[in-house]
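An overview of the molecular structure
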Amino acid sequence: MSLVVDSEAGESSAAVPSVDAAPESQAVAWRHRHLLDVDGLSADEIDLVMRTTDAMREVLARPIAKVPALRGRQVTILFYEASTRTRVSFEVAAKNLSADVVNIAAATSSVSKGESLVDTVRTVEALGAQMLVMRHSVSGAPYLAAEIFGGSVLNGGDGWHAHPTQALLDLYTMRERLPGGSLAGRKVVILGDLLHSRVARSNIWTLTAAGADLWLCGPATLVRGFEAWAGRGAAAGRRFHVTTSVDEALRDADVVMALRIQRERMSSGLLPSMREYAARYGLTRERLALAHPGALVMHPGPMNEGVEIAPDVAAGAQSVITEQVTNGVAVRMALLYLLAGTHGTAAAGAGAVAG
């Protein structure tokens with residue numbers, strides 16, 4: 001199902017769950033057993049995630065930031081790539097919901113001895129996993145896991161393909177900080193290595209669904225393919241802009257999100273040097289001055305300060321980078337809660353998959 005925005009519609013009528021109660025006891029309009037990407041979420045479902053996140057933010061503000069909603073459930077976090085923000089964020093989120101959490105790093109598991117993904121998923125399920133949070137370097141790996149896992153799979157990032165929870169926390173942060181709480185007509189710029197960015201690909205869906213005027217900018221070698229995609233209206237028929245001109249992209253922007261320049265791409269000849277990229281595309285205070293006063297500065301992390309973003313911009317008054325990290329816990333709590341509510345219900349039997 002494609003993301004659809006009804007410009008005439010007001011706030012969604014879908015009920016927000018009482019997050020202190022067990023998720024299966026809540027009557028909410030959530031039909032997905034897995035979250036593999038955001039392209040299968042409707043506008044109302046995205047809104048439900050946002051408003052459930054509001055409820056989780058209230059939990060996090062309590063003296064004891066914990067609810068018993070997932071007590072007795074096992075959440076297994078299986079990461080085939082190194083991670084700090086996403087892995088720890090999911091762990092904190094699951095523990096705040098009182099789940100039993102198992103962390104598996106592929107490098108120190110039987111994967112290092114040649115165990116296949118299928119065998120690993122079957123093993124963790126046999127050991128009691130009911131929800132599986134997974135990151136993998138191969139695009140599509142969580143989809144394979146979802147085919148064989150009896151519980152819920154949450155994609156923590158797969159290859160260059162998707163990073164759905166990052167896109168949702170980015171959207172939540174923008175809605176929270178932009179005046180009026182709406183992205184409709186707001187100019188949002190994603191600047192950097194689009195070619196290798198799963199964050200950008202998922203953000204294209206959520207931001208265009210929210211009505212943002214989306215601009216993608218980077219060197220020609222790192223935006224190739226996106227112009228054709230934009231011209232086809234590939235995000236459910238919604239269009240966005242692609243440019244190699246930093247000035248054109250940043251002029252009058254309301255939000256600027258810099259993406260990490262991955263040093264491993266240097267060997268493939270896509271960039272002449274890090275210094276050259278920083279000089280031409282780095283987000284500096286001078287370039288940020290082209291945007292609206294008070295424009296939000298974002299970054300999904302980890303950052304190469306001095307390359308894609310200047311240190312004084314990353315730590316400046318317009319930066320909401322640390323808020324993205326904080327909001328990531330609340331968004332992931334909301335998603336774990338909503339997905340847990342499908343277990344043992346008709347929705348779980350239907351096996352609906354977002355992505």
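Our structure is the block above this text.
Model, not experiment: these values are computed from the prediction.

Quick look at the side chain of His-136
Among the secondary structure elements, His-136 is positioned in strand E4 (residues 131-136). Side-chain polar atoms of His-136 contact the backbone nitrogen of Val-138, separated by 3.0 Å. Sequence-distant contacts of His-136, defined by excluding residues within four places in its chain, comprise Tyr-80, Glu-81, Ala-141, Gly-157, Asp-158, Gly-159 and Arg-198.

Concerning the pairing of strand E9 (residues 255-258)
Along E9, one buried face is formed by Val-255 and Met-257 and the opposite face, lined by Val-256 and Ala-258, is buried too. Two strands pair when backbone bridges link them, and strand E6 (residues 187-191) and E9 are joined in this way by four bridges, in the parallel orientation. Bridge pairing in E9 places Val-189 opposite Val-256. In this structure, E9 lies alongside strand E10 (residues 296-298), joined through three bridges in parallel fashion. Bridged to Met-257 within E10 is Met-298.

Examining the pairing of strand E2 (residues 74-79)
By the criterion of burial, E2 is predominantly enclosed, with six of the six residues buried. Burial along E2 is two-sided: the residues Gln-74, Thr-76 and Leu-78 and Val-75, Ile-77 and Phe-79 are all buried. The β-α-β motif built from E2, the intervening helix H2 (residues 85-96) and the parallel element strand E3 (residues 100-105) has right-handed crossover chirality. Across five bridges, the pairing between E2 and E4 is parallel. The residue bridging Phe-79 from the neighbouring strand is Arg-135, located in E4.

Focus: the nonpolar core
By size, the foremost hydrophobic cluster in this structure holds 69 residues, and its most contacted members are Leu-168, Met-174, Leu-207, Leu-216 and Leu-336. Residues within four places of Met-174 in sequence aside, it is in contact with Leu-183, Val-188, Leu-207, Val-255, Met-257, Leu-296 and Met-298. Counting 29 residues, the second largest nonpolar core, distinct from the first, contains Val-256, Leu-271, Met-274 and Leu-288.

Structural notes on the packing of aromatic side chains
Scanning the model with the defined rule gives three aromatic pairs in all. Relative to Phe-240, the ring of Trp-229 lies with its centre 5.8 Å away and its plane at 85°, an arrangement referred to as edge-to-face. Of this pair, Trp-229 sits in helix H7 (residues 226-231) while Phe-240 sits in the loop between H7 and strand E8 (241-243), placing them 11 residues apart in sequence. In this pair, the class of Trp-229 matches that of Phe-240, namely buried. Centroid distance Tyr-277 to Tyr-281: 5.6 Å. Interplanar angle 20°. Geometry classified as stacked.

Parameters and conventions
Residues numbered from 1 in each chain as written. Predicted model: local features only at pLDDT ≥ 70, side-chain atom pairs only at ≥ 80, totals over all residues. Heavy atoms only, no water. Helix = DSSP H or I, 4+ residues; strand = E, 2+ residues; numbered from the N terminus. Polar contact = N/O pair within 3.5 Å; in protein donor to acceptor, adjacent residues only side chain to side chain. Contact = heavy atoms within 4.5 Å. Buried < 20%, exposed > 50% of the residue type's maximum accessible area, 1.4 Å probe, protein only. Pairing = 2+ DSSP bridges. Right-handed = clockwise from strand over helix to strand, strands pointing away. Core = buried A, V, L, I, M, F, W, Y, C linked by side-chain atoms within 4.5 Å. Phe/Tyr/Trp six-rings, centres within 6.5 Å; stacked < 30°, edge-to-face > 60°.

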